[in-house]
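Chain and residue survey
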Amino acid sequence: HDLYSRAARQGHPLAQYNLGRILENGFGALQDYAQARHWYEAAARQGNSYAQYNLGVMAALGRGGDVDDVTAHMWFNLAAAASHKAALQNRDFIAARMTPEQIVSAQEQALKWGVTGPNLRATGLAFDVRRDDPYLVYDRIEFDIPTEPGGDALSPNPGRPAALKPRIHLPRQV
C-alpha cells in the first residue's frame, strides 16, 4: 500500500489505478470510496481505461454516492473508446435505461473532462477543435467530423475510411 501511495503521488497512472483498487475494495487498507475515486480519476486523466471503467462501475452502483447513470455512461464510453470490451457492454446496458438527453449530457461531460480528438468522437459527440475553435487555416477549410454510432474504438475499424476521407481532402483545400 505504501509503495503504491508513493508512486501514485509521483503521478504514475498504474500505481494510481492500483491504489484506487486497494481503497475501493479494502485490500490491505480501509475501504474508502472517496479516495478510490480520487486515485482512479488521476489515472483516468492519463488515459488508463481500467480506471475509467472502474469509475463507471462506481457511478453505476452508487459506490461513494448516489447512482449516477450519466457519469457511469461517460466513464464506460471513454473506456470503450480505448477498446475496453466490458466497458462497451456496460455502457450499452446503462444507455438502455437513459433518455437521449442524458446520453447527450454524458457526451458533454466527457468534453468538460478535457477529452478531445478520436476518443471524444468515439463517444458519438461530433466535436472537433479544428472546426469548433479553429486555429491556423482550419477556419477556411470544409471537412466532415466522423463519429461512430457504436461509440467505441472497435467501431471505427470498419469505418476507418470514413475517418481518413476528410484528412485526404484537407491538403487539397490549403
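Each remark here, short or long, concerns the structure printed above.
Residues numbered from 1 in each chain as written. Predicted model: local features only at pLDDT ≥ 70, side-chain atom pairs only at ≥ 80, totals over all residues. Heavy atoms only, no water.

1. Concerning the overall build of the protein chain
Within the protein chain one finds 10 helices and zero strands. Seen in sequence order, the protein chain has helices and strands lined up from the N terminus as α-α-α-α-α-α-α-α-α-α. Counting across all 174 residues of the protein chain, residues that qualify as buried make up 42%. Of the contacts made within the protein chain by residues no fewer than 6 positions apart, 49% connect residues no fewer than 24 positions apart. Of the accessible surface of the protein chain, which amounts to about 9,700 Å², a share of 52% is contributed by carbon and sulfur atoms. (Helix = DSSP H or I, 4+ residues; strand = E, 2+ residues; numbered from the N terminus. Buried < 20%, exposed > 50% of the residue type's maximum accessible area, 1.4 Å probe, protein only. Contact = heavy atoms within 4.5 Å. Areas by Shrake-Rupley, 256 points an atom, 1.4 Å probe, with all protein chains shown as cover.)

2. Overview of the environment of L55
Relative to the helices and strands, L55 is located in helix α4 (residues 49–61). Judged by relative accessible area, which is 3%, L55 ranks as buried. Considered as a pair, L55 and G20 are 35 residues apart in the sequence and their alpha carbons are 9.7 Å apart.

3. Structural notes on the pattern of salt bridges
Where charged atoms of side chains with opposite charge meet at close range, the side chains can pair. A full pass over the atoms with the stated rule returns three salt bridges. Among the ionic pairs, E24 bridges to R63, the shortest N-O distance being 2.6 Å. One end of the pair, E24, is in helix α2 (residues 13–25); the other, R63, is in the loop between α4 and α5 (69–81), and 39 residues separate them in sequence. You can call E24 buried: its relative accessible area is 5%. (Salt bridge = Lys/Arg side-chain N within 4 Å of Asp/Glu carboxyl O.)

4. Considerations on the packing of helix α1 (residues 2–9) against α2
Viewed as axis vectors pointing N to C, α1 and α2 meet at an angle of 135 degrees, and their least axial separation amounts to 8 Å. One finds that α1 runs oblique with respect to α2. The two elements α1 and α2 cross, and the hand of that crossing is left-handed. Side by side, α1 and α2 meet where Y4, S5, A7 and A8 of the first sit next to A15, Q16, N18, L19 and I22 of the second. (Axes fitted to C-alpha atoms, helices over the stretch in contact; angles between N-to-C directions. Parallel < 35°, antiparallel > 145°, perpendicular 65-115°, else oblique. Left-handed = near helix turned anticlockwise from the far one by under 90°.)

5. Focus on the side chain of N77
Among the structural elements, N77 can be located in helix α5. At 2.8 Å, the side chain of N77 forms a polar contact with the side chain of R91. (Polar contact = N/O pair within 3.5 Å; in protein donor to acceptor, adjacent residues only side chain to side chain.)

6. Structural notes on α5
For α5, spanning 13 residues, the distance from its first C-alpha to its last is 18 Å, which sits close to the expected 18 Å at 1.5 Å a residue. Note on α5: the residue one or two positions beyond its end, S83, has a positive phi of about 70 degrees. (Expected span 1.5 Å × (residues − 1).)

7. Things to note about the nonpolar core
One finds Y40 and F76 to be the most contacted residues of the largest nonpolar core, which totals 32 residues. Among the secondary structure elements, those contributing two or more residues to this core are α2, α3 (33–45), α4, α5, α6 (85–95) and α7 (100–112). Ignoring any residue separated from it by four or fewer positions in sequence, one finds F76 in contact with Y53, G56, V57, A60, A87, N90, R91 and I94. (Core = buried A, V, L, I, M, F, W, Y, C linked by side-chain atoms within 4.5 Å.)

The values are spatial; any link to function lies outside them.
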